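Listed here are the chains, written in short residue letters.
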Amino acid sequence: MDGLNIPLNHILLVSSLLFAIGMLGLMIRRNIIFILMSLEVMLNAAALAFVAAGAHWGQPDGQVVFMLILTVAAAEVAVGLGLVLQVQKRFKTLDMDHANRMQG
Amino acid sequence: MSETIWLIPLIPLLSSVTLMLFGSRLKVSQIGILGVASVGIAALLTLLLAVEFMQNQQVIQLSLWIWMEVAGFAPGISFYFDGLTLVMMSVITGVGFLIHLFSTEFMERDPSYARYFAYLNMFVAAMLVLVMADNLLLLYLGWEGVGVCSYLLVGFWYQHNANGHAARKAFIVTRIGDTAMALGLLLLFTQLGTLDIQAMVGEANQTWQVGDTIPLIACLLLVCGAVGKSAQLPLHTWLPDAMAGPTPVSALIHAATMVTAGVYLIARTHGLFLLAPTAMTVVAVIGITTSLMAAFTALMQTDIKRILAYSTISQIGYMFLALGVGAWSAGIFHLMTHAFFKALLFLGSGAIIHCLHHEHNIFKMGGLRTRMPVTFWSFMIGSAALAALPMTSGFFSKDQILLQAYQLPDIGPGLWMAGLLGALLTAIYSFRLVFVVFFGKANTEPDKNTGWRMAVPLSVLCFLAMVGGWFMIPVSEVFPASDGSHPAHWVEYVSISVPIVGVLLAYFIFYSGRLKIDGLVNSTLGKSLGQFWFSGWGIDWLYDHLFVKPYYGLANMLKGEPVDAIYGLIVALNQTFNHWLSVAQSGRMRWYLASMVAGLILVITLAANLSVGVL
């Protein structure tokens, strides 16, 4: 195997770092656009872990799942942006803390 | 005549039912005529009966029909008529008629005129059933009937809360005695197999010896009933409160007739009591204790009707004393004279209250001697009879009781002395009333005068209260004869002089003012004692704390349904958890996420720890 040989652990570390950043963003951010973006980061962190694992074991499955994740992310963004529009229309804001009418 | 005695209670009953059903459609005059005439006819029939009885002395036993028949128990609707019944019937219908007549004027302005006479007639009917009953069950029917009428009439002006309270008190307190009496009836029936009074007494004399336990228990249970109805210790507290009713009602029910039903019951079943000398002693002691207690209380009261109420309790105490010492006919004699003079006093007080804007406080009256002469003379005569001044009716009856009490071995002289003390107090409080109300300066002017419908009953009762002592009541066949011996003459002289001393004392204290008692009254001891007597020896207070308050406490506790509280707890727990959990449902996504992450971290940590353990 030629090229850059990065140990799996390092990649997994970057992946989990990305995941943590995404999750933190999800928890901290109030603007729904940033929430969606944080979600993307988390998805990509997971995708990175799959790719790295696939490369490590020399299996194609990792890349297959990566493709699946890309698709899911695209679909999610489509639905998510639709929701963003609706939220903006209804609440005249993108702050998700104001969109909490379900409180019961 | 003997076949138609059933008409006597029936006529007032029919009138009562008519007034209940059609009272609202009748005119005031018609209601009055119907109410008075029905009792008047009953009184006339009783008079005819009396005339017949005086001639042939014939006891009448009349069985109308069998009430019920269950396993050998067949009480009949049957009447028994002898001298004792005759005395009671005469008092009920005679005094009852006068009081009805008085009521027509007293209640004239009342919007519930028809209701009043309906109750009053029903009372007369029930009372007649009580005294004419041949068996104890029918007697019990009349007994409860008069109780109900008393309740209805005490609470007649039910718009005021206090009156309703007094009515309930009267009903509940007498019910305590009645329950004991019902137990007594059950005991007598299970032991003797019959409740017909004559047969029962005969059977009892064959079954039991003097001093046996069972007749003692039965008699004591009957005494409980009598004590409740006749307002004796310890069940007397209802009578002063029962004065909340219209005054003629107090005269008829709570002075002349119903409250003496207990005396009648004991006199009627005297055959049983002779088998239980202990029970008779109990009756005598109850009587004399009540008599003294009530006399002291009457001394301190300021409400004219409460004075008379306590004096009624006191006088019935004398009747109980008479029964207890075996002076049966003296007791019944005092019952009759008491009915005359106490009805007179009550009607007199009714006339005062009627003419003085419903004023009850004797210290706000005064100087009524010249303004209301008829009432003044009725009060003079009534009080003289109550105090047992010589030649009045009360003198003859009370004297008989005291003398016969004296002759009882062992406790006799003690009872006699206590009775004398009571007589002294009676004289003082009754003339205190007269001097305060009728002499001195006027504090309230009467706004109307008594009409003939008030004056006539008062005059007739005045006459009866004066000469009632000369009547010979025909009960010699009913009761065993007394031995006819007389105590020493000095005993008699003392008995006569004591009331006179009482009247003189009252004169010096409350009229001429020569005898100053202010120092005595205002001393610490005098004040607290006076307050103690005023409150009726604190018995109401005692019962309030002993029975009423704990009962209310219990009722309040049960009102909260303590058993339901267990299920309520489950509900409350669910609701609390629901509350907590619903707080978590804030609708804020960030919180959801944070909690999810926290949960995730927890699960992973746990899983990691566990796997370390497993490995």
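Refer to the preceding data block for the structure.
Here the structure is a predicted model, which is why all the values come from computation and not from measurement.

**Remarks on the overall build of chain B**
Phase 1: Across its full length, chain B holds 26 helices and 2 strands.
Phase 2: On the principal axes, the C-alpha backbone points of chain B span a range of 120 × 65 × 60 Å.
Phase 3: Relative to its 615 residues, chain B shows a buried fraction of 49%.
Phase 4: Intrachain contacts of chain B at a sequence separation of at least 6 include 81% that bridge at least 24 residues.

**What about the overall build of chain A?**
Phase 1: In terms of regular secondary structure, chain A is built from 3 helices and 0 strands.
Phase 2: Seen in sequence order, chain A has helices and strands lined up from the N terminus as α-α-α.
Phase 3: Taking 104 residues into account, the globule formula puts the C-alpha radius of gyration at 13 Å, and chain A, at 17 Å, lies well above it.
Phase 4: Its C-alpha atoms give chain A principal-axis dimensions of roughly 55 × 25 × 25 Å.
Phase 5: Burial analysis of chain A (104 residues in total) assigns 12% to the buried set.
Phase 6: Long-range pairs, those at least 24 residues apart, make up 46% of the contacts in chain A between residues at least 6 apart in sequence.

**What about the packing of helix α19 (residues 412-438) of chain B against helix α21 (residues 489-512) of chain B?**
Residue and element names in this part refer to chain B.
Phase 1: Two elements in contact, α19 and α21, have axes separated by 8 Å at closest approach and are oriented at 35°. Here the hand of the crossing between α19 and α21 comes out right-handed. Contacts from L420, A423, L424, T426, A427, I428, F431, R432, F435 and V436 in α19 reach V494, S495, V498, P499, V501, G502, V503, L505, A506, Y507, F510 and Y511 in α21.
Phase 2: Residues that form the contact of α19 with α21 fall into these classes: 18 nonpolar, 3 polar and 1 charged.

**Brief notes about the nonpolar core**
Taken as a class, soluble globular proteins show a tendency for nonpolar side chains to be buried jointly.
Residue and element names in this part refer to chain B.
Phase 1: Counting residues in each nonpolar core, the largest one holds 196 residues, and the members touching the most others are A343 and L344.
Phase 2: Ranked by residue count, the leading element in this core is helix α4 (residues 113-132), at 18 residues.
Phase 3: Sequence-distant contacts of A343, that is, excluding residues within four places in its chain, are made with V95, I99, A251, A255, A256 and L461.

**Overview of helix α20 (residues 452-467) of chain B**
Residues and elements named next belong to chain B.
Phase 1: The end-to-end C-alpha separation of α20 is 22 Å, in line with the 22 Å expected for 16 residues at 1.5 Å each.
Phase 2: Buried within α20 are the following residues: M454, P457, L458, L461, C462, L464 and A465.
Phase 3: Contact partners of the buried residues in α20: α3 (83-106), α15 (328-355), α17 (373-386) and α18 (393-406).

**Description of helix α2 (residues 28-56) of chain B**
Residue and element names in this part refer to chain B.
Phase 1: The terminal C-alpha atoms of α2 lie 42 Å apart, and with 29 residues this matches the ideal 42 Å at 1.5 Å per residue to within 8%.
Phase 2: Buried within α2 are the following residues: I31, G32, L34, G35, V36, S38, V39, A42, A43, T46, L49 and F53.
Phase 3: Each element contacted by the buried residues of α2 is listed here: α1 (7-22), α3 and α4.
Phase 4: Phi turns positive one or two residues past the end of α2, at Q57, with a value near 50°.

**Let's talk about unusual backbone geometry**
Phase 1: Residue L233(B) is joined to P234(B) through a cis peptide bond whose omega torsion reads -5°.
Phase 2: By secondary structure assignment, the location of P234(B) is in the loop between α8 (213-229) and α9 (238-241).
Phase 3: The backbone of K92(A) shows a phi angle near 55°, a positive value even though the residue is not glycine.
Phase 4: Note on placement: K92(A) falls in the segment after α3 (61-91).
Phase 5: Of note in the backbone geometry, M391(B) takes a positive phi value of approximately 80° without being a glycine.
Phase 6: Inspection of the secondary structure assignment puts M391(B) in the loop between α17 and α18.
Phase 7: Residue classification places M391(B) among the exposed residues on the basis of 12 C-beta atoms within 10 Å.

**Points about the packing of helix α5 (residues 136-154) of chain B against helix α6 (residues 161-192) of chain B**
Residues and elements named next belong to chain B.
Phase 1: Their axes nearest at 9 Å, the elements α5 and α6 cross at an angle of 170°. One finds that α5 runs roughly antiparallel with respect to α6. Contact residues: L136, L137, Y140, W143, E144, G147, S150, Y151 and V154 in α5; A166, A167, A170, F171, T174, D178 and L185 in α6.
Phase 2: Class assignment of the residues belonging to the contact of α5 with α6 gives a composition of 11 nonpolar, 3 polar and 2 charged.

**With respect to the environment of L252(B)**
All names here are of chain B.
Phase 1: Along the polypeptide, L252 turns up in helix α10 (residues 247-256).
Phase 2: When the C-alpha atoms of L252 and S150 are compared, they prove to be 10.0 Å apart, with 102 residues separating the residues in sequence.
Phase 3: If we skip the residues at most four places from it in the chain, L252 touches G96, I99 and T257.

Rules of the game
- Residues numbered from 1 in each chain as written.
- Chains lettered and ligands numbered in written order.
- Predicted model: local features only at pLDDT ≥ 70, side-chain atom pairs only at ≥ 80, totals over all residues.
- Helix = DSSP H or I, 4+ residues; strand = E, 2+ residues; numbered from the N terminus.
- Buried ≥ 20, exposed ≤ 12 C-beta atoms within 10 Å, placed from the backbone.
- Contact = placed C-beta atoms within 7 Å.
- Rg over C-alpha atoms; globule rule 2.2 N^0.38 Å.
- Axes fitted to C-alpha atoms, helices over the stretch in contact; angles between N-to-C directions.
- Left-handed = near helix turned anticlockwise from the far one by under 90°.
- Nonpolar A, V, L, I, M, F, W, Y, C, P; charged D, E, K, R; others polar.
- Core = buried A, V, L, I, M, F, W, Y, C linked by C-beta atoms within 7 Å.
- Expected span 1.5 Å × (residues − 1).
- Parallel < 35°, antiparallel > 145°, perpendicular 65-115°, else oblique.

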